[in-house]
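# Residue-level structure breakdown
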Amino acid sequence: MSGIVLKNLKKIYPGGVEAVKDFSLEIRDREFIVLVGPSGCGKSTVLRMIAGLEEITDGELYIDGNLVNHIAPKDRDLAMVFQNYALYPHMTIYKNLAFALSLRKLSSKEIDAKVRETAKMLDIDHLLDRKPKALSGGQRQRVALGRAMVREPKAFLLDEPLSNLDAKLRATTRTEIAKIHKKLGTTFIYVTHDQTEAMTMADRIVVMKDGQIQQIGEPKEIYDSPNNLFVAGFIGTPQMNFLEAMIEKDVDYYALIDDKRFVLSNERFGDILNEYRGKNVVLGIRSEDIFIAQGSNSLKTTVEVCENMGSEVYMYMDHKGQKITARLNAESACSEGSLNISFNKDKIHIFDKDSGISIRNLGLAFK
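All of the points below concern the structure found in this document. A quick note: this is a predicted structure, and the numbers were derived from the prediction, not measured.

Here is what the cut-offs are and how they apply
- Residues numbered from 1 in each chain as written.
- Predicted model: local features only at pLDDT ≥ 70, side-chain atom pairs only at ≥ 80, totals over all residues.
- Heavy atoms only, no water.
- Core = buried A, V, L, I, M, F, W, Y, C linked by side-chain atoms within 4.5 Å.
- Buried < 20%, exposed > 50% of the residue type's maximum accessible area, 1.4 Å probe, protein only.
- Contact = heavy atoms within 4.5 Å.
- Axes fitted to C-alpha atoms, helices over the stretch in contact; angles between N-to-C directions.
- Helix = DSSP H or I, 4+ residues; strand = E, 2+ residues; numbered from the N terminus.
- Parallel < 35°, antiparallel > 145°, perpendicular 65-115°, else oblique.
- Left-handed = near helix turned anticlockwise from the far one by under 90°.
- Pairing = 2+ DSSP bridges.

## A word on the nonpolar core
Counting 44 residues, the largest nonpolar core has Val36, Leu97, Val115, Ile177, Tyr190 and Ile235 as its most contacted members. Ignoring sequence-local partners within four residues, the contact set of valine 36 consists of Lys43, Thr192, His193, Asp194, Gln195, Ala198, Ile205, Val206, Val207, Met208, Phe234 and Ile235. Leu243, Ala245, Ile285 and Ile341 belong to the second-largest nonpolar core, a separate cluster that totals 30 residues.

## Some words on the packing of helix α4 (residues 137-149) against helix α5 (residues 167-184)
For any two helices packed against each other, the geometry is given by the interaxial angle and the distance between the axes. Contact pair α4 / α5: the axes reach a minimum separation of 11 Å and the direction vectors enclose 20°. If you check the angle between α4 and α5, you find them roughly parallel. Like other packed secondary-structure pairs, α4 and α5 cross with a definite hand, here right-handed. Of α5, the residues touching α4 (which contributes Gly137, Gly138, Gln141, Arg142, Leu145 and Met149) are Leu169, Thr173, Glu176, Ile177, Ile180 and Leu184.

## Topic: the sheet that holds strand β4 (residues 58-63)
Pairing is antiparallel in the open sheet, where 4 strands are placed in the order β2-β1-β4-β5. In the strand order of this sheet, the two ends are held by β2 (17-27) and β5 (66-67), each with one partner. Here 7 bridges tie strand β1 (residues 4-13) to β2, and the two strands are oriented antiparallel to one another. Looking across to β2, one finds that isoleucine 12 is bridged to glutamate 18. Most of the contacts of helix α1 (residues 43-51) go to β1, to which it runs at about 115°, and overall it touches β1, β2 and β4.

## Structural notes on the environment of lysine 300
By secondary structure assignment, the location of lysine 300 is in strand β16 (residues 299-308). Along the backbone, lysine 300 and threonine 237 are 63 residues apart, and their C-alpha atoms lie at a distance of 23 Å.

## Digging into the pairing of strand β11 (residues 241-249)
The sheet contact formed by β11 and strand β14 (residues 280-285) spans 6 bridges and is antiparallel. Paired with asparagine 241 across the two strands is isoleucine 285, which belongs to β14. Here β11 runs beside strand β12 (residues 253-257); their pairing, made up of 4 bridges, is antiparallel. Within β12, the residue paired with isoleucine 247 across the bridge is alanine 255. What sits between β11 and β12 in their antiparallel hairpin is a turn of 3 residues.

## So, unusual backbone geometry
Put simply, threonine 237 and proline 238 share a cis peptide bond, and its omega is -10°. Tracing the backbone through its elements, the reader meets proline 238 in the loop between α8 (229-234) and β11. In the Ramachandran plot, glutamate 152 falls in the positive-phi region, its phi being about 50° despite a non-glycine side chain. Topologically, glutamate 152 is positioned in the loop between α4 and β7 (155-159). Even without being glycine, glutamate 160 reaches a positive phi, approximately 45°. Checked against the element boundaries, glutamate 160 lands in the loop between β7 and α5. Judged by relative accessible area, which is 10%, glutamate 160 ranks as buried.

## Describing the sheet that holds β12
Strand order across the open sheet formed by 5 strands is β13-β12-β11-β14-β20, with antiparallel pairing between neighbours. The strands lining the two open edges of the sheet, one partner per strand, are β13 (260-263) and β20 (349-352). Mean inter-strand twist for the sheet, computed between neighbouring axes without regard to direction, equals 45°.

Here you go:
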């Protein structure tokens, strides 16, 4: 398989509601790609257009180099896994797995071999005689995956497959899906609103908002270099902290918060800082890049809540109405009251206050 290519896809519903806007993406063969974003951002609509369950208003969709805009879903050779499992309640697990194969007129021997091989891979071979109502949520999800797997499709389309599972089961099933992807060596296109799923499973992440792509990249790239305030705030737990600041220069460029100076890395930002000298910006810093500091050039905050997580401490602070969350090591004294903090200068992000775009990314674009 050569891949799936989406060129300028649009989806406009009756009444002029534009759910997907100018969506372009090239999905490589065997890639695990995750579409992530808040509810209503258009990610499931994109998946359904790929599957053929939603008509494409405008743009082009290619599978294996062939234009498939008007090809019926059954002829696209894609398998979709839904969040509600969509199992036949009156059939045994064996018959649920065998159903699609029987429609293809395979022999009983071929069907039996494929069903049992798939069931063994998913560790549900001992459940074949049961019906879906007798299974747990995690087992039903594995059956839903198995029903897609026996068909040996060109790609798997997974729409919020873990949303009905509890937190512990989500974590184990997430690992299972990642292992299945490696075993099968098939393209997976996965939709979720959960950024943890996106970060842990994806080869590449597509972050969406309001029907548009905000950023495409590998998980670490998106975490370390978010394109804009939305991506910075959406990816990462806890979310990135944002503080009002101004860019100034003495010997070095620095971000000024109140009268406190936080030196910026010239290597990180380059000449773009000169464009923002004397301007108000948004400083972003992740919780793990904050440390307790002493001295006159540290930021005074008020610790409102402490959470001791065992391996680390979360401190929720306030600085003149601006909320800050810090993740500190387990040995950090955890108590409410006044606390001075500073930031790792090599991890500071600066965003244009009007557009919300990362000025570092703007600087890289100008090079």
